[in-house]
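Spelled out from the first residue to the last, the chains are:
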Amino acid sequence: MNGKNEKKKSMMSGWDWAFVICNTTFLVLFCVVTLYPILNTLAVSFNDGLDAVKGGIHLIPRKFSLRAYDAVIHKQGLQQGAIVTVARTVIGTLLALVANALLAFVVSRRRFLFRSSLSFFWVVTMYASGGMIPGLILMKNLHLTNTFLVYIIPGLVSAFNVLVLRTYMESLPDSYEESAQLDGAGYMRIFVSIISPLCKPVYATVALFVAVGHWNSWFDAMLYNRNRTELTTLQYELQKYLNSVMQTQGNTSSSGKTSSSSQVTPVTVRAAASIVTMLPIIMLYPFLQRYFVTGLTIGGVKE
Amino acid sequence: MSLMNPSAPALKEKTTKAEIKRQSVLLIIAALYVVYGIIFYYLPLVGWLMAFQTYTLKGGIFGSEWVGLKWFKFLFTDDTFVRIIRNTLAMGVINLVATTVTAIGFAILLSEVKNIWGKKLVQTISYLPHFLSWIVVTSIVHEAFSTEGMINELLVNLHILKTPISFFSHTQYFWPIVAISNVWKETGWNAIIYLATITSIDPSLYEAAAMDGAGRWQKIKHITFPGLRSTIIILLIMNIGNVINAGFEVQYLLGNGLLQSVSQTIDIYVLKYGVGKMNYSLGTAAGVFKTFVSMTLIFLFNFIAKKTGDERLF
């Protein structure tokens, strides 16, 4: 009996070891698969253009060159796109954060008379949407097409973000609000100087969600503002560039022909442009990790 | 009693009035949000009327000719559109299944890691692709699957292939490539919620199971899986409606002329015929159909979840 048990135990620890080794190997492979394409893009971006066309570059540039970055930085469209993208990310994120937080504050007040009906009004918007064309016609009728504001106003309030914020605000104790009210503070005072400072983590989460959305967006630039090149965005410029590269690669056999004299080829420029657009987010997200993990968990589980 | 009765409603009315006055700020703010919501979310729903008209910019919604179900009839007798529905649903289902299974698998494997630093590192790396735009991701995917790309290089080196395949000229590879792109981008991100659920499972359950001699696999099977069940079902209901939305950007950015028969989705159709050719009514009809399917799927799955006694959305 005793021996049998012991045998079982040692067998299990053997299996345990096998599991740990397999699991570790698998997770390491997972990280390699995740990182390799990005590191490879990085290596290609620092490589000489003509040399890169031959392929076979892995993690280290074979013939180092900064020409591709030089070309990217001096590309007219990308420059303009970067300015617009930074502007919309900063302005859009700030305004959206205020707009979403204020609505969340209202619907999280327990004594608010229309609390549940206002929540319902916004939850509906998560599931029923007019679609691409009614949206486009609305923007046209509101004279928002071909303006910068079309990037900011239509997406200002998002029911999902409001839900995340509301859940967090509801978890705060009522006593803060009550004691402030006894001191004669109005709702706006309570929102600005009592609730908001307590909501920093969830504000950071929502700000990250919104900012990433702004930084990566291109479809609204194409749909609403394609006639105004000065309102282009970084990702839309990248998309147009990649598209044109694909066209030329399809039509002519040599992809290096466009600018062989300047030693810059679409392969390296594409890589460099990708790196430039992803850099700010890659540098930012690890520091906000703690916030978005809790934010997503709260919002998701509750919802 | 008779003395107290009349005073009760009066008092209530008084408090309500006082309450309204006290809440006036909240009420004004709420009203502004309702106006905003009506304009940007509810007004476009009125635009659905366009699907039953031959919409002209000049006539507008109230001055255009009514044509009944003409555009819907046109869509469902159009072989292209029927094929597009097939593409959309097929890719939607494949993506949903692939991303759900990989996220759950990844979450379970990661939750078994005891080393805190290792776990944190893997997690941080796993979120990275989520933050990249589809433009960048599809560009990377394009490079990776090109004839000189890393996938062909790997397959040739492992002697799985003799010569490189041109993945983007054969229709049969497109759906798997879209699924792989989605899995690569979202596995780590989607796993966040499953990991949180696993962490919230009562540790004493695992201890009790260990006392009874349960191995790792048995613990996963009998404790972790049942613990994840309600989260999985809620997320499936939430995402099932997206099966018909799944994929506009990836297909739009990865597709090419050779792949049209498998790559086009409803949204691409709307963009091409509705926006591109200015046939707003046809595009809206396709969009209305999409929302209809997505709502039906959500309610259907919610209903099934209710019947089987599971957690449900509403």
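Residues numbered from 1 in each chain as written. Chains lettered and ligands numbered in written order. Predicted model: local features only at pLDDT ≥ 70, side-chain atom pairs only at ≥ 80, totals over all residues. Heavy atoms only, no water.

A. Representation of the overall build of chain B. Summing up its helical and strand segments, chain B has 15 helices and two strands in all. Relative to a compact globule of 314 residues, whose C-alpha radius of gyration would be 20 Å, chain B shows 27 Å and is clearly more extended. C-alpha extents for chain B along the principal axes are approximately 95 × 70 × 35 Å. Residues counted as buried form 48% of the 314 residues belonging to chain B. Considering only residue pairs separated by 6 or more positions, chain B has 64% of its internal contacts joining residues 24 or more positions apart. Accessible surface computed for chain B: about 16,000 Å², of which carbon and sulfur atoms make up 68%. Treating the 25 positive side-chain charges of chain B as one cloud and the 17 negative ones as another, the clouds have centres 7 Å apart. (Helix = DSSP H or I, 4+ residues; strand = E, 2+ residues; numbered from the N terminus. Rg over C-alpha atoms; globule rule 2.2 N^0.38 Å. Buried < 20%, exposed > 50% of the residue type's maximum accessible area, 1.4 Å probe, protein only. Contact = heavy atoms within 4.5 Å. Areas by Shrake-Rupley, 256 points an atom, 1.4 Å probe, with all protein chains shown as cover. Lys, Arg positive; Asp, Glu negative; His and termini not counted. Charge placed at Lys NZ, Arg CZ, Asp CG, Glu CD.)

B. Just the overall build of chain A, in detail. From N to C terminus, chain A includes 13 helices and zero strands. Put simply, chain A runs from its N terminus to its C terminus through helices and strands in the order α-α-α-α-α-α-α-α-α-α-α-α-α. Looking at chain A residue by residue over its 303 residues, the buried ones come to 50%. Pairs at least 24 residues apart make up 72% of the contacts formed inside chain A by residues separated by at least 6 positions. Summing over all exposed atoms, chain A offers an accessible surface of approximately 15,000 Å²; the carbon and sulfur share of this is 66%.

C. Representation of helix 9 (residues 187-198) of chain A in the model. Residues and elements named next belong to chain A. For helix 9, with 12 residues, the first-to-last C-alpha span of 15 Å sits near the 16 Å given by 1.5 Å per residue. Those residues of helix 9 that fall on the buried side of the exposure criterion are Tyr187, Ile190, Phe191, Ile195 and Ser196. Looking straight down helix 9, one finds that the buried residues subtend no more than 140° of arc, so they occupy a single side. For helix 9, the exposed residues set more than 90 degrees away from the buried face come down to Arg189 and Val192. (Expected span 1.5 Å × (residues − 1). Arc of directions from axis to C-beta.)

D. Summary view of a nonpolar patch on the surface. Residue and element names in this part refer to chain A. Taken together, the side chains of Val86, Val90, Ile91, Leu94 and Leu95 make up a nonpolar region of the molecular surface, amounting to roughly 420 Å² of accessible area. Inspection of the secondary structure assignment puts Leu95 in helix 4 (residues 76-107). By relative accessible area, Leu95 is classed as partly exposed at 42%. (Patch = residues over 30% accessible without salt bridge, like charges linked within 9 Å, V, L, I, M, F, W, Y side chains within 5 Å. Salt bridge = Lys/Arg side-chain N within 4 Å of Asp/Glu carboxyl O.)

E. Quick look at the interface of chain B and chain A. Across the contact, 76 residues belong to chain B and 89 residues belong to chain A. Summing both sides of the interface, chain B and chain A together bury roughly 7,500 Å²; the carbon and sulfur share of this comes to 75%. Considering only the surface of chain B that becomes buried against chain A, Leu26(B), Tyr33(B) and Phe131(B) emerge as the three largest contributors, covering 10% of it. The interface formed by chain B and chain A holds three salt bridges in total. Among the salt bridges present, the one from Glu143(B) reaches Arg270(A), with a minimum N-O distance of 3.4 Å. (Buried area = accessible area lost by both parts, 1.4 Å probe.)

F. Just helix 5 (residues 115-127) of chain A, in detail. Taken as a whole, helix 5 of chain A has its buried residues at Leu118(A), Ser119(A), Phe121(A), Trp122(A) and Thr125(A). Taken down its axis, helix 5 of chain A places every buried residue within 155° of arc, on the same side. Along helix 5 of chain A, exposed side chains directed more than 90 degrees from the buried face belong to Ser116(A) and Phe120(A). Buried residues along helix 5 of chain A sit in contact with helix 4 and helix 7 (159-170) of chain A together with helix 2 (24-46) of chain B.

G. Up close: the packing of helix 4 of chain A against helix 9 of chain A. Residue and element names in this part refer to chain A. Following both chains from N to C, one finds helix 4 and helix 9 inclined at 115°, their axes separated by 11 Å at the closest point. The crossing of helix 4 and helix 9 is right-handed. From helix 4, Ala101, Leu102 and Phe105 reach across to helix 9, where they touch Tyr187, Met188, Ile190, Phe191 and Ile195. By residue class, the composition of the contact of helix 4 with helix 9 is eight nonpolar, no polar and no charged. (Axes fitted to C-alpha atoms, helices over the stretch in contact; angles between N-to-C directions. Left-handed = near helix turned anticlockwise from the far one by under 90°. Nonpolar A, V, L, I, M, F, W, Y, C, P; charged D, E, K, R; others polar.)

H. Focus on empty space enclosed by the protein. Residues and elements named next belong to chain A. Taken as a whole and assessed by the stated rule, the structure comprises two cavities of 30 Å³ or more. Of all elements in the fold, only helix 5 and helix 7 reach the threshold of two or more residues within the lining of the second largest cavity. Class assignment of the residues belonging to the lining of the second largest cavity gives a composition of seven nonpolar, one polar and one charged. (1 Å grid on protein atoms, 1.4 Å probe; cavity = no way out; pocket = protein on both sides within 12 Å on 5 of 7 lines; lining within 4 Å. Points joined across faces, edges and corners; volume = space filled by probe spheres on them.)

I. Representation of the pattern of salt bridges within the structure. Residues and elements named next belong to chain A. In the structure shown here, the tally under the stated rule is 16 salt bridges over all chains. Salt-bridge contacts for Glu177 lead to Arg109; the nearest nitrogen and oxygen are separated by 2.4 Å. Here Arg109 lies in the loop between helix 4 and helix 5 and Glu177 lies in helix 8 (residues 175-182), a separation of 68 residues in the sequence. By relative accessible area, which is 13% here, Glu177 ends up buried. Overall, the relative accessible area of 5% leaves Arg109 in the buried class. Put simply, Arg228 and Glu230 hold a salt bridge, and the shortest N to O gap is 2.8 Å. Given a relative accessible area of 32%, Arg228 falls into the partly exposed group.

J. View of the nonpolar core. In this structure, Trp122(A), Val157(A), Tyr203(A), Phe292(A) and Phe131(B) are the most contacted members of the largest nonpolar core, which totals 147 residues. Looking at which element gives the most residues to this core, the answer is helix 4 of chain A, with 12 residues. Two domains each donate at least three residues to this core, and these are domain 1 (4-49) and domain 2 (77-307) of chain B. Contact partners of Val157(A), with chain neighbours within four places excluded, come to Ala99(A), Asn100(A), Leu103(A), Trp122(A), Val162(A), Tyr33(B), Tyr36(B) and Tyr41(B). The next biggest cluster of nonpolar side chains, apart from the first, holds 21 residues, and it includes Phe30(A), Cys31(A), Ala103(B) and Leu195(B). (Core = buried A, V, L, I, M, F, W, Y, C linked by side-chain atoms within 4.5 Å. Domains from an automatic or database assignment.)

K. A look at the environment of Thr138(B). Residue and element names in this part refer to chain B. Along the chain, Thr138 turns up in helix 7 (residues 134-145). Overall, Thr138 belongs to the buried group, its relative accessible area being 5%. Among all residues touching Thr138, those that are not within four sequence positions of it are Val250, Leu253 and Leu254. A polar contact is formed between the side chain of Thr138 and the backbone oxygen of Ile135, at a distance of 3.1 Å. (Polar contact = N/O pair within 3.5 Å; in protein donor to acceptor, adjacent residues only side chain to side chain.)

L. Expanded view of the packing of aromatic side chains. Counted under the stated rule, the structure contains 33 aromatic pairs over all chains. Relative to Tyr41(B), the ring of Trp122(A) has its centre 5.6 Å away and its plane inclined at 80°; by these criteria the two rings are edge-to-face. Of this pair, Trp122(A) sits in helix 5 while Tyr41(B) sits in helix 2, which puts the two residues in different chains. Tyr41(B) shares its class with Trp122(A); the two are buried. With a centroid separation of 4.7 Å and 45° between ring planes, the pair formed by Tyr269(B) and Tyr273(B) is classed as tilted. (Phe/Tyr/Trp six-rings, centres within 6.5 Å; stacked < 30°, edge-to-face > 60°.)

M. A look at the state of the cysteines. Residue and element names in this part refer to chain A. In the structure shown here, the tally under the stated rule is zero disulfides over all chains. Cys22 takes part in no disulfide bond, and the closest cysteine sulfur, belonging to Cys31, lies 16 Å away. Residue class for Cys22 comes out exposed when judged on its relative accessible area of 53%. (Disulfide = S-S within 2.5 Å.)

N. Representation of the side chain of Thr100(B) within the structure. Residues and elements named next belong to chain B. Within the fold, Thr100 resides in helix 5 (residues 79-111). Using a relative accessible area of 15% as the deciding quantity, one classes Thr100 as buried. If we ignore the near neighbours within four places in the chain, the residues touching Thr100 are Tyr194 and Leu236.

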